[in-house]
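Below are the chains, spelled out letter by letter.
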Amino acid sequence: MNTVIPIQPAVGGCTDAPVLRERGQREVFCGLTGIIWLHRKIQDAFFLVVGSRTCAHLIQSAAGVMIFAEPRFATAIIDERDLAGLADCNEELDRVVTRLLARRPEIKLLFLVGSCPSEVIKLDLSRAAQRLSSQFMPNVRVLNYSGSGIETTFTQGEDACLASLVPSLPPAKADAAPALMVVGTLADVVEDQFTRLFSAMGLGSVAFFPPRHADRLPSVGPNTRYLLAQPFLADTAVALEARGAHRLSAPFPLGVEGTTAWLQAAATAMGVNADRFEQVTAPARRRAESALVRQRVQLAGKQIFFFPDSQLEIPLARFLSRELGMLLTEVGTPYLHKQHLAPELALLPAGTVLSEGQHVENQLDRCRAAQPDIVVCGLGLANPLEAEGFTTKWAIELVFTPIQGYEQAADLAELFSRPLLRRQKINNAPVPLALGKTLAASVAGA
Amino acid sequence: MQLTLWTYEGPPHVGAMRIATAMEGVHYVLHAPQGDTYADLLFTMIQRDAKRPPVTYTTFQARDLGGDTAELFKNAAREAFERFRPQAMIVGASCTAELIQDDPGGLCKALNLPVPVVPLELPSYQRKENWGAAETFYQLVRHLADTSVRRAPRESGQRARCNILGPTALGFRHRDDLREITGLLTQMDIDINVTAPQGASPADLARLGDADFNVVLYPEIASIAAGWLKRTFGQPVTTVVPIGSGATCDFIREVAALAGVDPESVLDNPNARAPWYSRSVDSTYLTSKRVFVFGDATHVVAAARIAQDEMGFTVVGLGTYSREFAREVREAAQLYGVEALICDDYLDVEARIAELQPELVLGTQMERHIAKRLGIPCAVISAPVHVQDFPARYSPQMGFEGANVLFDTWVHPLMMGLEEHLIGMFRGDAEFHEDAAPSHLGGSVSRSAVGATQPAEDSAEVPDEAATAQADQAIAVAASSSAQVVATWSADAEKELKKIPFFVRGKARRNTEHYARDQGLPVITLETLYDAKAHHSR
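What you are looking at is a predicted structure, and each value in this text was computed from that prediction instead of being measured. (Residues numbered from 1 in each chain as written. Chains lettered and ligands numbered in written order. Predicted model: local features only at pLDDT ≥ 70, side-chain atom pairs only at ≥ 80, totals over all residues.)

**Student:** Could you give me a rundown of the overall build of chain B, with the residues and numbers involved?
**Tutor:** Counting its regular elements, chain B contains 23 helices and 15 strands. Per-residue burial for chain B yields a buried fraction of 49% across its 538 residues. A sequence separation of at least 24 residues applies to 71% of the contacts in chain B between residues at least 6 apart. (Helix = DSSP H or I, 4+ residues; strand = E, 2+ residues; numbered from the N terminus. Buried ≥ 20, exposed ≤ 12 C-beta atoms within 10 Å, placed from the backbone. Contact = placed C-beta atoms within 7 Å.)

**Student:** Got a sec to walk through the overall build of chain A? Specific residues and values, please.
**Tutor:** Within chain A, the regular secondary structure consists of 18 helices and 14 strands. Whereas a compact globule of 446 residues would reach a radius of gyration of roughly 22 Å, chain A reaches 23 Å, a difference of no more than 12%. Seen through its principal axes, chain A has C-alpha atoms that stretch 65 × 60 × 40 Å. Out of the 446 residues belonging to chain A, those deemed buried represent 52%. Pairs at least 24 apart in sequence give 77% of the contacts found in chain A among residues at least 6 apart. (Rg over C-alpha atoms; globule rule 2.2 N^0.38 Å.)

**Student:** Give me the lowdown on helix α7 (residues 129-144) of chain B, citing residues and values where you can.
**Tutor:** The α-helix winds at 3.6 residues per turn, so residues separated by three or four positions along the chain end up facing the same way. Under the 1.5 Å per step criterion, the end-to-end length of α7 of chain B is 22 Å for 16 residues, consistent within 8% with the ideal 22 Å. Across the 16 residues of α7 of chain B, 14 count as buried, placing the element largely inside the fold. (Expected span 1.5 Å × (residues − 1).)

**Student:** Before we move on, could you go through the domain arrangement of chain A and cite the residues and values that matter?
**Tutor:** Residues and elements named next belong to chain A. Considered domain by domain, chain A is made up of domain 1 (19-25 + 285-445), domain 2 (31-152) and domain 3 (179-278). Distance from the C-alpha centre of domain 1 to the C-alpha centre of domain 3: 28 Å. Taken together, the contact between domain 1 and domain 3 spans 30 residues of the former and 24 residues of the latter. (Domains from an automatic or database assignment.)

**Student:** I'd like a description of the interface of chain B and chain A, backed by residues and values.
**Tutor:** One widely used convention gives an interface's size as the accessible area the parts lose upon coming together. Contact residues are listed per partner, giving 47 residues for chain B and 56 residues for chain A. At the level of secondary structure, the elements contributing two or more residues to the side of chain B that touches chain A comprise β1 (2-4), α2 (40-46), β3 (55-57), α3 (62-65), α5 (95-100) and α17 (365-374) of chain B. A breakdown of the residues in the side of chain B that touches chain A according to their chemical character gives 21 nonpolar, 17 polar and 9 charged. Pairing of strand β3 (residues 73-77) of chain A with β1 of chain B, which is carried by 3 bridges, proceeds in the antiparallel orientation. Looking at β1 of chain B, one finds that Ile77 of chain A is bridged to Gln2 of chain B. (Nonpolar A, V, L, I, M, F, W, Y, C, P; charged D, E, K, R; others polar. Pairing = 2+ DSSP bridges.)

**Student:** Any chance you could break down the packing of helix α21 (residues 491-499) of chain B against helix α23 (residues 526-537) of chain B for me, citing the residues and the numbers?
**Tutor:** All names here are of chain B. One can describe the packing of α21 onto α23 by two numbers: an axis separation of 7 Å at closest approach and a directional angle of 45°. Overall, the two elements α21 and α23 adopt an arrangement that is oblique. Counting all contacts with α21, which are made through Asp492, Ala493, Glu496 and Leu497, the residues of α23 involved are Leu526, Thr528 and Leu529. In terms of residue class, the contact of α21 with α23 is made up of 4 nonpolar, 1 polar and 2 charged. (Axes fitted to C-alpha atoms, helices over the stretch in contact; angles between N-to-C directions. Parallel < 35°, antiparallel > 145°, perpendicular 65-115°, else oblique.)

**Student:** Go over the sheet that holds strand β4 (residues 109-114) of chain A, please, and point to the residues and values.
**Tutor:** Taken together, the 5 strands give an open sheet; going across it, the order is β5(A)-β4(A)-β2(A)-β3(A)-β1(B), and neighbouring strands pair in mixed fashion. Each edge of the open sheet is held by one strand with a lone partner, namely β5 (141-146) of chain A together with β1 of chain B. Neighbour-to-neighbour, the strand axes of the sheet open up by a mean angle of 25°, direction not taken into account. In this structure, strand β2 (residues 45-51) of chain A lies alongside β4 of chain A, joined through 6 bridges in parallel fashion. Looking across to β4 of chain A, one finds that Phe47 of chain A is bridged to Phe111 of chain A. The sheet strands contacting helix α6 (residues 125-136) of chain A are β2, β4 and β5 of chain A, and the helix crosses β5 of chain A at an angle near 170°. Relative to the sheet, helix α7 (residues 156-165) of chain A contacts β4 and β5 of chain A, its axis offset from that of β5 of chain A by approximately 140°.

**Student:** Outline the nonpolar core, listing residues and values.
**Tutor:** If you look at the biggest cluster of nonpolar residues, it comprises 279 residues, and the most contacted ones within it are Leu48 of chain A together with Val293 of chain B. Ignoring any residue separated from it by four or fewer positions in sequence, one finds Val293 of chain B in contact with Val300, Ala303, Ala304, Ala307, Val315, Leu318 and Leu362 of chain B. (Core = buried A, V, L, I, M, F, W, Y, C linked by C-beta atoms within 7 Å.)

**Student:** Hey, could you go over helix α15 (residues 379-387) of chain A for me, with residue numbers and the actual values?
**Tutor:** Counting buried positions along α15 of chain A gives 8 out of 9 residues, so the element sits mostly inside the fold. Positive backbone phi, at 105°, marks Gly389 of chain A, one or two positions downstream of α15 of chain A.

**Student:** Tell me about the confidence of the model for chain B, residues and numbers included.
**Tutor:** Residue and element names in this part refer to chain B. When the pLDDT values of chain B are averaged, the result is 88; 86% of them are 70 or greater. Contacts of residues 445-483 to residues separated by more than four positions or lying in other chains number 53 contacts, the stretch itself having pLDDT below 50. Both confidence scores are given for the complex: pTM 0.89, ipTM 0.93. (pLDDT = per-residue confidence, 0-100.)

**Student:** A description of the domain arrangement of chain B should follow, citing residues and the corresponding values.
**Tutor:** We note that the domain assignment places domain 1 (12-137), domain 2 (161-267), domain 3 (274-419) and domain 4 (485-537) within chain B. For domain 3 of chain B and domain 4 of chain B, the distance between their C-alpha centroids amounts to 30 Å.

**Student:** Break down the sheet that holds strand β7 (residues 207-209) of chain A for me, citing the residues and quoting the values.
**Tutor:** Residue and element names in this part refer to chain A. Strand order across the open sheet formed by 4 strands is β7-β6-β8-β9, with parallel pairing between neighbours. Since the sheet does not close on itself, it has two edges, and those belong to β7 and β9 (246-247), each with one partner. Two elements, strand β6 (residues 179-183) and strand β8 (residues 224-228), share 5 bridges in a ladder whose sense is parallel. Following the sheet pairing, Ala179 is matched in β8 by Thr224.

**Student:** Tell me about unusual backbone geometry, residues and numbers included.
**Tutor:** Apart from glycine, the bulk of residues carry a negative phi angle, and the bulk of peptide bonds sit in the trans form. For the peptide bond that leads from Phe209 of chain A to Pro210 of chain A, omega is 10°, which places it in the cis range. Along the chain, Pro210 of chain A turns up in the loop between β7 and β8. Phi at Asp103 of chain B is positive, roughly 60°, even though this residue is not glycine. Along the chain, Asp103 of chain B falls in the loop between α5 and α6 (104-111).

**Student:** Account for the pairing of β6 of chain A, with residues named and values stated.
**Tutor:** Residues and elements named next belong to chain A. Counting buried positions along β6 gives 5 out of 5 residues, so the element sits mostly inside the fold. The two faces of β6 match: Ala179, Met181 and Val183 on one face and Leu180 and Val182 on the other face are all buried. Across 3 bridges, the pairing between β6 and β7 is parallel. Each bridged residue has a counterpart across the sheet, and for Val183 the counterpart in β7 is Phe209.

**Student:** Go over the packing of helix α16 (residues 346-356) of chain B against α17 of chain B with me, naming the residues and quoting the values.
**Tutor:** How two helices pack is summed up by the angle between their axes together with the distance between the axes. All names here are of chain B. As a packed pair, α16 and α17 sit with axes 10 Å apart at the nearest point and diverge in direction by 45°. Relative to α17, the element α16 is oriented oblique. You can see that α16 and α17 cross each other, and the crossing is right-handed. Between α16 and α17, the contacting residues are Tyr346, Val349, Glu350, Ile353 and Ala354 on the first element and Met366, Glu367, Ile370 and Leu374 on the second. Taken together, the residues of the contact of α16 with α17 sort by class into 7 nonpolar, no polar and 2 charged. (Left-handed = near helix turned anticlockwise from the far one by under 90°.)

**Student:** Account for the pairing of strand β13 (residues 374-377) of chain A, with residues named and values stated.
**Tutor:** Residue and element names in this part refer to chain A. A two-sided burial pattern is seen for β13, the buried positions comprising Ile374 and Val376 on one face and Val375 and Cys377 on the other. With 3 bridges connecting them, strand β10 (residues 303-306) and β13 associate as parallel partners. Looking at the pairing, Ile304 lines up with Ile374 of β13. Two strands pair when backbone bridges link them, and β13 and strand β14 (residues 392-394) are joined in this way by 3 bridges, in the parallel orientation. Its bridge partner being in β14, Val376 is matched across the sheet by Lys393. In terms of handedness, the path from β13 via α15 over to β14 forms a crossover that is right-handed. (Right-handed = clockwise from strand over helix to strand, strands pointing away.)

**Student:** So, the environment of Asp408 of chain B: which residues are in play, and what are the values?
**Tutor:** Considering the arrangement of structural elements, one finds Asp408 of chain B in helix α18 (residues 399-427). The class of Asp408 of chain B is partly exposed, set by 15 C-beta atoms lying within 10 Å.

**Student:** Can you tell me about the environment of Phe319 of chain A, naming the residues and giving the values?
**Tutor:** Residue and element names in this part refer to chain A. Summarising the element assignment, Phe319 is placed in helix α12 (residues 313-322). Of the residues examined, Phe319 has 28 C-beta atoms within 10 Å and is grouped as buried. Taking the C-alpha atoms as reference points, Phe319 and Ala409, separated by 90 residues in sequence, lie 9.2 Å from one another. Aside from chain neighbours lying at most four places away, what touches Phe319 is Leu254, Gly255 and Gly258.

**Student:** Break down the environment of Asn362 of chain A for me, citing the residues and quoting the values.
**Tutor:** Residue and element names in this part refer to chain A. Note that Asn362 resides in helix α14 (residues 360-370). Linking Asn362 and His337, residues 25 residues apart in sequence, is a C-alpha distance of 23 Å. Excluding residues that lie within four positions of it along the chain, Asn362 makes contacts with Glu22 and Gly24.

Here you go:
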């Protein structure tokens, strides 16, 4: 008998809903951007992009890198000599890596990160990684993955990174008891909260992947039950399954409902009884629900439009529509993984407009026609849309802020209510005529 | 391959975007993979533009590479033209597209668009942002300037007319410099024919020839174009960049000579406060402050001149990341008897600053961080730009108002330093020592329980010492010298050192230890302390 909150599927849901697939200009980051949070997570890893000045400029512009004395990422900038064949790219790479590791002895894991230029010139980074690994092991493990824009969109960079790390996970013993692994980067504070919930349920040794340190890689094998914490880990899932691990299908841990269902999937698989589950989750659940009440006042009935960004859009839309009463005008996502998102799609209200990929000009036209109350978009679009009179929420903040789990549910809602509240507060102030003209010009120019 | 942790300049196509975004009626079609659209946020978030940059990206993916990326480009260009209806288009490739060699210029020609299309060749693996901006501006001027439009010889009494060249989008204070210089030229009864690229349309570029001379504000951006205009239309070019009071006066005289007007009335500007402020007695403490200057060539050369001649500082080092202007910066360095650092690796810049131990750093946002780490006051004088470099208020670098702004901007961090010393001085007092709780909390709670054991007398020195230790460490790293041993202090010398006012104590300690090291003395005695003082005061 299950006393846990029964999840009500949305009437109809979006399981078989049509998806508008678009091609054209994409206003999204490439996978290299994932380095910004991955290097914070794995504290002894270094990310060396093998690419162009554009790659270096992208990462520093997206990350605001100047705050770091010496960041744990860098770009080996390919120059003319490398392209003309005057310098052997592999020799050059070895030289750069040797210099880097000599300078940074604390580094235990080095990722060579492929970029658009390195992919196009077909620089074989997997061979380079093997070669360098054999040179620097056991002190430094060298791996490679591609974060290039021609292959990866924004958060897919993390997927590629984690997938490259899976073969290095130690094998679990053949007779090992079932073990739970949470896959996908979560903020440390969120990880600690989940750890406490799991251990209160009697699940003492839950592994998190990626780990905070390179020497604490969790073991994997047929006993592994893994739970995706992020919706963008398609290749990582495939790699884990190749090692025998089993995926626990669940919605993602955003909002009270998502978090409960996500934890429930783990509890069920690991044989936690229903009473215990209820006992452990109820206090946090109630706290989160009451915190959401205040947010619901701000957000209920408001229309929201998602431009594609992080692949978090569908779980976010589910949370905002079901727990906060928002209305979904369009939910755009760079890539829709039907299998991993099946539990999410089932919960979306029927008739939600879903789009995959992007043609930014067409999508802007649809957004203007829809006149939503709030638009979720990248930094390149936010101010121009604000100038047109839309309220926007920077999508990137949803990736950099801890938003998963019960304790963050209200914070997540607040990320959407704050821009609305702000507009409401300052819109009553008189503005000089010049601002009106600036805004009008931007509409005319758009 | 070059290991780069951080870069002063973006790739050259970002320079091209700065030109396109500055102009009206120009659209840039960029052959580029997904992700290169990050550059849009430089404009919408750093400069807070209310419009998207006029750029269309083709966004090709890996699966297109085997197919027809050229067709993708043609479709993007055609669609962009139909949607935005620009007066002219520029087309080019980002770093990745350069490798696949689709020839955007040739492809666009085949589209037969009814507007001029300017193809750009910007070698991404060789050049950088400022060069890209200069080349783009030059190509636009070359393609769009109508060579039949020429300025008729001026009759006597007819007002002179000039073009202002150089201000771009994402430029360091270009917005306010332009207003300042436009005002100055207007005051001199000179008409402005065209300002470009900022605010210019392709039609405006067509009439560039209809001016007597060109004012180049930023040589990094406009000198190639100005050179072509000089050869084509015979238009002379200004050579002085009006940053600083002295340079502004020189600029006024240079322009007056070109325009045939009297400079005197504008030279006498009652709002030029900076020259008087630096003569005011309270500025005496600025004398011979050791400064290090780093940034783009234009701002570095100008800042060094102001520092030495107008503020009475001593320039102990200067450098630039603008390799294209290395010669000009080396020449400037000779004026101050220092060697120019031509370099785009900020770690080398940091090592140089740590080694020189300046009292003020004038640099970019990166040098601001370096200076903060080393505990040295700093003011930002140059791009790369940061959101702070687009202040809401009017804050030019050029002209007399610019000189006022520079005076304030450079002097404030030094004054802040003094205030910190004051805080440090009073920290030694009975009611204001480190262990005392803040007065707003009643002052009765002792913090010593938390573990602060430092004697109050020494605590004044702590920030300075910490900074010194850090700097010394950096020097040690820079010089990778392991053999240098710091001499030990004898008790009486240490006691004497404490009598020296705290705000110079750190420096005295440093100088004495340096002296002892040079002299090979293992112990610093009272004698050593005063020998060192005499040595350093020479």
